[in-house]
Amino acid sequence: MGFFTDTSVCIGCKACEVACKEWNAIPADGGPELTGMSYDNTGGLGADTWRHVAFVEQRAPAADLDVFTAARELDAPGGSELRWLMSSDVCKHCTHAACLDVCPTGSLFRTEFGTVVVQEDICNGCGYCVPACPYGVIDQRRGDGRAWKCTLCYDRLGVGMEPACAKACPTESIQFGPLDELRDRAADRVAALHAAGVTDARLYGADPADGVGGDGAFFLLLDEPEVYGLPPDPVVTTRDLPAMWRHAATAAASLAALTAVSFARFARRPR
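Everything quoted here is computed from the prediction, not taken from an experiment. The numbers attached to residues start from 1 for each chain and follow its sequence in the written order. Per-residue local features of the predicted model are confined to residues with pLDDT of at least 70, and side-chain atom pairs are confined, for both listing and counting, to 80 or more; whole-chain, interface and lining totals are unaffected and use all residues. Hydrogens and waters are ignored; side-chain quantities use all the structure's heavy atoms.

Draft legend 1. Summary view of helix α1 (residues 15-24). Buried, partly exposed and exposed residues are distinguished by accessible area as a fraction of the type maximum, computed with a 1.4 Å probe on protein chains only: under 20%, between the cut-offs, and over 50%, respectively. For helices the rule is a DSSP run of H or I covering at least 4 residues; for strands it is a run of E covering at least 2, with both sets numbered from the N terminus onward. Along α1, the positions that sit buried rather than exposed are C16, E17, A19 and C20. Here, two residues are considered to be in contact whenever any of their heavy atoms come within 4.5 Å of each other. For α1, the elements touching its buried residues are β2 (52-59), β3 (82-89), α6 (164-168) and β8 (174-177). At the exit of α1 stands A25, carrying a positive phi of roughly 55°.

Draft legend 2. Fine view of the sheet that holds strand β9 (residues 202-204). Within the open sheet, the 4 strands sit side by side as β8-β1-β10-β9. Their pairing is mixed. The open sheet has two edge strands with one neighbour each: β8 and β9. Strand after strand, the sheet turns through a mean of 20° between neighbouring axes, direction not considered. Paired strands, in this sense, are two strands between which DSSP finds at least two bridges. Of the strand pairs in this sheet, β9 and strand β10 (residues 217-221) are connected by 3 bridges, and their pairing is antiparallel. Residue Y204 lies in a different strand from β10, and its bridge partner there is F219. Lines fitted to C-alpha atoms define the axes here, with helix axes fitted over just the stretch in contact, and angles between the N-to-C directions of these axes take values from 0 to 180 degrees. Together, β1 (2-6), β8, β9 and β10 form the strand contacts of helix α7 (residues 179-195), whose direction differs from that of β10 by roughly 5°.

Draft legend 3. Layout of the pairing of β2. Within β2, 6 of the 8 residues are buried, which leaves the element mostly enclosed by the surrounding structure. The sheet contact formed by β2 and β3 spans 8 bridges and is antiparallel. Residue pairing across strands places R59 opposite L82, the latter belonging to β3.

Draft legend 4. Fine view of the packing of aromatic side chains. When two rings of Phe, Tyr or Trp (its six-membered ring) have centres within 6.5 Å they constitute a pair, described as stacked for plane angles under 30 degrees, edge-to-face for angles over 60, and tilted for the intermediate range. If you walk through the whole model with that rule in mind, you get 5 aromatic pairs. Pairing F4 with F218 gives two aromatic rings, centres 5.2 Å apart and planes at 20°, and the pair type is stacked. Taken together, the residues F4 in strand β1 and F218 in strand β10 connect sequence positions 214 residues apart. The buried category is assigned to F218, whose relative accessible area is 0%. With centroids separated by 5.9 Å and ring planes inclined at 90°, the aromatic side chains of F55 and W84 adopt a geometry described as edge-to-face. Taken together, the residues span a long stretch of sequence, with F55 in strand β2 and W84 in strand β3 at a distance of 29 residues. Residue classification places W84 among the partly exposed residues on the basis of a relative accessible area of 37%. Distance and angle both matter: a charge sits over a ring if NZ of Lys or CZ of Arg is within 6 Å of the ring centre and within 35 degrees of the ring normal. Positioned above the aromatic ring of F3 is the side chain of R51, whose terminal nitrogen or guanidinium carbon lies 4.7 Å from the ring centre. Here the guanidinium or amino end of R156 rests over the ring plane of W23, the centre of that ring lying 4.5 Å away.

Right, here's the structure in full:
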């Protein structure tokens, strides 16, 4: 099971953020603090923000104007092109999840729905999962130390309910269901947008052959991933661990052999 987020119909209402906080009893993350650059008041995902609605302002490169001037000239002949790109970001629930690989206590586990969940009562606050995540999703709560992130409303799924964010989304930008069905639906949506002239529409995280084996939460984007603050080619950070351990073992064996040879030569030296 997973999420398909269609950013082409996201209106930036933040209903998903509110529903997520209310259902999961997530504490406030400092309150609404506008950056002065956007209507985005949460800034990014974190221990106290499991859903983050990104607001991206774009204008035509040729228009050397500030956004207020551009907005005033939208309807003027030859005026500036200004648009909003909005996207509700969330933990990707990777198929190959590095956070699972590095967790020493088993606090992170794969559920029967294929999602990745943190058991906060088992987390020891080591923080290994934080740098392991290729998306920068997992975070440690200040004053607590334990890791927190989206659970895809594991408790709701267990009783046949959909996640709170998907339930609250008024435009069905956030869709929940079996991943195979969501991927087929997303491919049809991209084809429809291309036919309508929206040639920049593309899927992100839907390919099971990508660097993380496909995401359990994937997106339809209207621009490059970097525009939304997403890595263009994420790779599971523990991919090279087996090779690294083999190299380390080879190096240790070589060092032990050299040490043994040195001691043997020293023992044979005349006194």
